[in-house]
Amino acid sequence: MAIQTLNPATGQVLKTFPPLTPAEVADKLKAAEAAFRQWKQTSFADRARPMQRQADILEQEAGHYGRIISLEMGKPFKDAVAEVKKCATACRYYADHAAEFLGDEEMATSASRSLVSYEPLGVVLAIMPWNFPFWQVYRFLAPALMAGNVGVLKHASNVPQCALAIEEIVRRAGFPDNVFQALLIGSDQVDAVIAHPYVKAVTLTGSEGAGAKVAEKAGHEIKKTVLELGGSDAFIVLEDADLEQAAQVAVKSRMVNTGQSCIAAKRFIVVESVADAFLDKMKTRMAALRTGDPLEEDCDYGPLARKDLAEDLEKQVEASLAKGAEIVLKGGRAGQDSAYFKPMILKHVKPGMPAYEEEMFGPVAAVIIVADEAEAIRVANDSRYGLGGAVWTQDTERGLRVARQVETGAMFVNALVASTPEMPFGGIKKSGYGRELSYIGIREFTNQKSIWIA
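Residue positions are given per chain, counting from 1 as you read along its sequence in written order. The model is predicted, so local features are restricted to residues of pLDDT at least 70 and side-chain atom pairs to those at 80 or more, both for listing and for counting; the totals for chains, interfaces and linings are taken over all residues. Hydrogens and waters are ignored; side-chain quantities use all the structure's heavy atoms.

K.L.:
Tell me what's going on with the pairing of strand β8 (residues 199–205), and back it up with residues and numbers.
P.N.:
By the criterion of burial, β8 is predominantly enclosed, with six of the seven residues buried. For two strands to be treated as a pair, DSSP must find no fewer than two bridges joining them. We count a stretch as a helix when DSSP gives it H or I for four or more residues in a row; a strand needs E for two or more, and each element gets its number in order from the N terminus. Two strands pair when backbone bridges link them, and strand β5 (residues 123–128) and β8 are joined in this way by five bridges, in the parallel orientation. Along β8, the bridge assignment pairs Val124 with Ala201. Handedness is read with the strands pointing away from the viewer; a crossover is right-handed when the path from the first strand over the helix to the second is clockwise. Note that the unit made of β8, helix α8 (residues 208–221) and strand β9 (residues 224–228) has a crossover that is right-handed. Remark: exposure states derive from per-residue accessible area (1.4 Å probe, protein chains only) relative to the maximum for the residue type, with buried under 20%, exposed over 50%, and partly exposed in between.

Below is the structure:
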């Protein structure tokens, strides 16, 4: 089946690519293994030079690559440019810190000397999603290559030009041939790649279902995995919150990437005494957002990445309304043949509704009104997901106390949930396991070898 670039704003097919044959994939994996044998011998300084040049390209040509993102998955151009530039920060961070993070770690034992050596594993398969088609890849690429691994990328099938653009950037930056390669293949070929003896580990960002399948196959092959899966992040508003600031960030957090982010706020858990005031402020701000052509500078949100995603979101909303949810801000699909979906706010969201139980991957805010802090924490934890979350209070010690009790991989106090190179990123429960970014992320795909000298 052909791999297509389909502009979700217009429905136009922009480009079509034939998928690689199994023989072509095998040749690429063989080339990756050969590249690894050389690349792992290089010094951190030798790896850092092309990594820094890669950052230069990303910064200098962010507009060019941002346009590719916008055309392939509908992200507003200004946000796509920011995404490309963010990738440069990850490249520079690991170029600057890899030697520190992966240097020999001396241990105190009865030996004359004992240490932990961090050594690369080999070829790492990255299975990446369409919602942040550059950033998700660079979150893996920068630390993996600086650790001495090589990468092969199975990108989402609706963003093939992004995959090829990243491969081109790596090549232009001066990395050796085949240190990073894009595999234009369908999901039907993924199992064979995971099973291939040259592939030593797998990292996936995607849905809960995709993560389960990859974990099952990799487990059968006894290969390391890192999984970053879905999320239904809680946005807790306590009675002493700064409601103006909270509402402003609430809208930004729900609408980032047109609501198509694993760490977008999805469940707004608001203490009853401030619920009406908070909802009024949130509704006003969300209703003022502008849509249109994603390439226009004044576009605040674009279409969803595919028409079927808009259809699925509409079904979740309708099922929630049928079970008693109420509309605060009316929105929804722009038309049956459109991928555009206007923002919505639902209140009186209860257990048993899709808006409460499931991940809503689009611009729909589910508001859950609670009596107090204790109930807010209970509701926040009443989810099979555990990726990120936020709590809003003017008492930062109270915020820290609440943050410690919410079951997630990350909690933010009075701030927008985001990923940054300095902090580890990942989830618990059905949101996955393992970590990307920080010193923890670069060590995920290394052999942490104990060396004992008598």
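K.L.:
Got a sec to walk through the nonpolar core? Specific residues and values, please.
P.N.:
Buried together is how nonpolar side chains tend to be arranged in soluble globular proteins. Phe134, Phe235, Ile236, Phe268 and Phe278 are the most contacted members of the largest nonpolar core, which has 153 residues in total. The element best represented in this core is helix α4 (residues 77–102), accounting for 14 residues. Two residues form a contact once any of their heavy atoms are found within 4.5 Å. Apart from residues no more than four positions distant in its own chain, Ile236 is found in contact with Ile269, Ala376, Ala380, Ala390, Val391, Trp392, Val402 and Val406. Among buried residues, those of type Ala, Val, Leu, Ile, Met, Phe, Trp, Tyr and Cys that are joined through side-chain atoms within 4.5 Å constitute a nonpolar core.

K.L.:
Outline helix α6 (residues 160–173), supporting the account with residue identities and numerical values.
P.N.:
For a helix, the expected span equals 1.5 Å multiplied by the residue count minus one. Between the first and last C-alpha of α6 there are 20 Å, a value that for 14 residues agrees with the 20 Å anticipated at 1.5 Å per step. Those residues of α6 that sit buried are Pro160, Cys162, Ala163, Ala165, Ile166, Glu167, Ile169, Val170 and Ala173. Backbone geometry just after α6 places Gly174 at a positive phi near 105°.

K.L.:
Break down the sheet that holds β8 for me, citing the residues and quoting the values.
P.N.:
Taken in spatial order, the six strands of this open sheet run β7-β6-β5-β8-β9-β21, and their pairing is mixed. The outermost strands of the open sheet, each flanked by one partner alone, are β7 (180–182) and β21 (432–433). Sheet topology note: the β8/β9 ladder contains five bridges and is parallel. Bridge assignment links Val202 to a residue of β9, and that residue is Thr225. Only C-alpha atoms enter the line fits that serve as axes; for helices the fit covers just the stretch in contact. Angles between N-to-C directions range over 0 to 180 degrees. Packing of helix α5 (residues 135–146) onto the sheet brings it into contact with β5, β6 (150–155), β7, β8 and β9, and relative to β6 it is tilted by some 165°.

K.L.:
I'd love a proper account of the packing of aromatic side chains, names of residues and values included.
P.N.:
Classification of ring pairs rests on two measures: the distance between centres of Phe, Tyr or Trp rings, Trp counted by its six-membered ring, which must be within 6.5 Å, and the angle between planes, read as stacked under 30 degrees, edge-to-face over 60 and tilted in between. The tally for this structure, following the rule as stated, stands at nine aromatic pairs. Both a distance and an angle decide whether a charge sits over a ring: NZ of Lys or CZ of Arg must be within 6 Å of the ring centre and within 35 degrees of the ring normal. One residue, Arg47, lies across the ring of Phe44, its end atom 5.1 Å from the ring centre. One cation-aromatic arrangement involves Lys75 over Phe132; the distance from NZ or CZ to the ring centre is 4.1 Å.

K.L.:
Could you give me a rundown of the sheet that holds strand β12 (residues 326–329), with the residues and numbers involved?
P.N.:
The strands making up a sheet associate through backbone hydrogen bonding, with each pair oriented either parallel or antiparallel. Spatially, the seven strands line up as an open sheet ordered β12-β15-β16-β11-β10-β18-β19, and their pairing is mixed. Strand pairing shows two members of the sheet lacking a second neighbour, β12 and β19 (412–413), which therefore form its edges. With five bridges connecting them, strand β10 (residues 233–237) and strand β11 (residues 265–271) associate as parallel partners. Each residue of the ladder has a partner; that of Val237, found in β11, is Val270. Sheet strands touched by helix α13 (residues 373–381): β10, β11 and β16 (364–370). Its angle to β11, the strand with the most contacts, is close to 160°.

K.L.:
I'd like a rundown of the side chain of Thr205, residues and numbers included.
P.N.:
Structurally, the position occupied by Thr205 is in strand β8. Looking at Thr205, the relative accessible area reads 4%, which means it is buried. In this structure, Thr205 is in contact with Ile127, Met128, Pro129, Gln136, Arg139, Glu228 and Glu436, ignoring residues within four places of it in sequence.

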